[in-house]
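So the chains spell out like this:
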Amino acid sequence: KTTNPSPTITSRSYIAKYRMAAFVVSTSIPWNQRPSRFCCPTKAVVRSTAIAALGRRASRCTKMAVSSSSATTIGTRFDLWAQEVNAASPNLGTVLVAIEQACKELGDLISRAPIDSLLGTSQSNSKNESGDTQKKLDVVSNELLHKYLQQCGYVAISASEEDDDPVVFNTHPSSLQQMYVVVFDPLDGSRNIDASIPTGTIFGIYKYDAKKSVQENVLQKGRDQVASGYALYSSATELVVGISPSLRSSPSAGECKIFTLDRSKNSFVLTRPQVTVPPRGQVYSLNDARYFDWPDGLKKYIDTVRQGHGETGKQYSSRYICSLVADFHRTLLYGGWCANPRSHLRLVYEGNPLSLLSELAHGKGVDGKRNILDIEPEKLHQKLPLFLGSTDDIAELMKYDTIQQLSSKQYNV
């Protein structure tokens, strides 16, 4: 509220103060609830012409506040940022919003899982293509992602870690609309879900090519992704998204951003406009219990950095959650590296999306020999070793040559 310091509405100082008040009010109200003009907040009788002039001024200020919201402004809502993405690559922002909506709903389901009896294995005790027993939330999250992607209208094909084959929605659109292919792991780390340990959703997005088969569209190289990201369901629900540098007309091209769910507004808002992995960290993340099964090169590296005899001279520590999204998220912010040295993680659903994010944040993703993004997928559920993190740490690690655990030993825990 403001009070009129002068009985004359046309006072220059008052008009200036009113314009500022109108602007502040306009930008504090959600965009879809803002009036087109604002009433004078005084008890004075105001001439209609003065109200109209001030109302138009306030309306212009409101439009400026909305249109100037850029991808680098902390607090920008995800859907507004997605509009900028749409301008660079038609319908891509719409697909990202569909994923955002699915992740919001899934985050709520996870937070209520103990209350709504969503813990434990699925009723059918089913297994996915990789032979993992499915949790109830594996099935629910998979169906949820497919539903939102289909409703979006711009996804031709979706492929999930939980399904044997891709799901085809619309490979022959009636118009020349740009369509997309989305690959995803609906609930990474679900083995830990009953203990309320952080879990996540990982996704990668490619352009759909109607001239290619379903299999060819799904088995594109990671470097062909136009966007990738993941949701982290933890003490905060966060959505990390990266836009490929190939979309040069997008203000967000070549950047990795973090949005955090504001539950009071039920909206993801931008909290980290540009994430950059430190070139070095002091933490590695992998299962030390498998030490005696590792190849000699990996053992030697770990022994060296744990004693502080590596290139940095610092003594490294181990941090391991056994949830890939959680381990990668910490690595993304603090540096170091996270990995599974055996052929256990999926190239299409996990390796490619996270490696793109790593590169966009100036980090790196490798299988121990090659850059992940340059690998040509041979099959949908192809597995491989995965090392993600700081460029200098990964470079030092790869100097030890034998860091891939190539044995076929299985662990039942």
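Here the residue numbering is sequential within each chain, running from 1 through the sequence in written order. For a predicted model such as this one, the threshold for reporting local features is a pLDDT of at least 70, and the threshold for listing and counting side-chain atom pairs is 80 or more; totals across whole chains, interfaces and linings nevertheless cover every residue. Excluding hydrogens and water, the side-chain figures rest on all heavy atoms present in the structure.

K.L.:
Even after reading the chapter, I still don't get helix H10 (residues 391-398), so can you show me in this structure?
P.N.:
Along an α-helix, residues three or four positions apart point the same way, because every turn accommodates 3.6 residues. A 1.4 Å probe rolled over the protein chains alone gives each residue an accessible area, and that area as a share of the maximum for its type sets the label: buried under 20%, exposed over 50%, partly exposed in between. In this description a helix means any DSSP run of H or I spanning at least four residues, a strand means any run of E spanning at least two, and both kinds are numbered starting from the N terminus. Those residues of H10 that fall on the buried side of the exposure criterion are Asp393, Ile394, Glu396 and Leu397. When H10 is viewed along its axis, its buried side chains cluster within an angular range of 160° and face the same direction. Arc definition: directions from the helix axis to the C-beta atoms.

K.L.:
Before we go on, may I ask you to explain the sheet that holds strand S11 (residues 337-346) in this structure?
P.N.:
Within a beta sheet, neighbouring strands are joined by backbone hydrogen bonds and run either parallel or antiparallel to one another. Pairing is mixed in the open sheet, where 5 strands are placed in the order S10-S9-S11-S13-S12. Two strands in the sheet have a free side with no partner beyond their single neighbour: strand S10 (317-318) and strand S12 (363-366). The sheet contact formed by strand S9 (residues 283-285) and S11 spans 2 bridges and is parallel. When the sheet's bridge partners are listed, Ser285 is paired in S11 with Cys338. Its contacts with the sheet place H10 against S11, S12 and strand S13 (383-390), and it is angled at close to 130° to S13. Only strands joined by at least two bridges in the DSSP assignment are considered to pair. We call two residues contacting when some pair of their heavy atoms lies within 4.5 Å. For helices, the fitted axis covers only the stretch in contact; all axes are lines through C-alpha atoms, and the angles between them, taken along N-to-C directions, range from 0 to 180 degrees.

K.L.:
Please explain the packing of aromatic side chains as it appears in this structure.
P.N.:
Working definition: an aromatic ring pair is given by the centre-to-centre distance plus the angle between the planes. Centres within 6.5 Å are what make two rings of Phe, Tyr or Trp a pair, Trp counting through its six-membered ring; a difference in plane orientation under 30 degrees is then read as stacked, over 60 as edge-to-face, and the rest as tilted. On inspection of all chains with the given rule, the structure shows 10 aromatic pairs. Seen in terms of ring centroids, Phe78 and Trp81 are 5.3 Å apart; in terms of plane orientation they differ by 55°. Their pairing is tilted. Of this pair, Phe78 and Trp81 both sit in helix H3 (residues 78-88), 3 residues apart, roughly one helical turn. Overall, Trp81 belongs to the buried group, its relative accessible area being 1%. Here the aromatic rings of Tyr301 and Tyr400 are separated by 5.4 Å at their centres, their planes lie at 80°, and the arrangement is edge-to-face. Of this pair, Tyr301 sits in helix H7 (residues 296-306) while Tyr400 sits in the segment after H10, and the two are 99 residues apart along the sequence. A residue is classified by how much of its surface remains accessible, and Tyr400, at 21% relative accessible area, is partly exposed.

K.L.:
What should I look at first to understand unusual backbone geometry in this one?
P.N.:
The bulk of non-glycine residues show a negative phi, and the bulk of peptide bonds are trans. The phi dihedral of Ser117 is positive, around 55°, even though this residue is not glycine. Inspection of the secondary structure assignment puts Ser117 in the loop between helix H4 (92-111) and helix H5 (136-152). At Asn266, a residue that is not glycine, the phi angle is positive and equals roughly 50°. For Asn266, the position within the fold is in the loop between strand S7 (255-262) and strand S8 (267-272). Asn266 gets classed as partly exposed once you look at its relative accessible area, which sits at 46%.

K.L.:
Hey, could you run me through the pattern of salt bridges in this one?
P.N.:
Where charged atoms from two side chains of opposite charge approach closely, those side chains can pair. A pair is scored as a salt bridge if a Lys or Arg side-chain nitrogen falls within 4 Å of a carboxyl oxygen belonging to Asp or Glu. Under the definition given, this model contains 17 salt bridges. The salt bridge partner of Glu311 is Arg280, with a shortest N-O separation of 2.6 Å. Of this pair, Glu311 sits in the loop between H7 and S10 while Arg280 sits in the loop between S8 and S9, and the two are 31 residues apart along the sequence. Relative accessible area serves as the criterion here: at 45%, Glu311 is assigned to the partly exposed category. Note on Arg280: relative accessible area 22%, which makes it partly exposed.

K.L.:
Help me understand the nonpolar core in this model?
P.N.:
Soluble globular proteins: nonpolar side chains tend toward being buried together. Only buried Ala, Val, Leu, Ile, Met, Phe, Trp, Tyr and Cys residues count toward a nonpolar core, and they belong to the same one when joined by side-chain atoms within 4.5 Å. If you look at the biggest cluster of nonpolar residues, it comprises 40 residues, and the most contacted ones within it are Leu92, Val95, Leu96, Ile205 and Leu239. Per-element accounting of this core gives the leading share, 9 residues, to H4. Those residues in contact with Val95, other than ones at most four positions away along the chain, are Leu149, Cys152, Tyr154, Val155, Tyr180, Val182 and Ile205. Leu324, Val325, Cys338 and Leu360 belong to the second-largest nonpolar core, a separate cluster that totals 27 residues.

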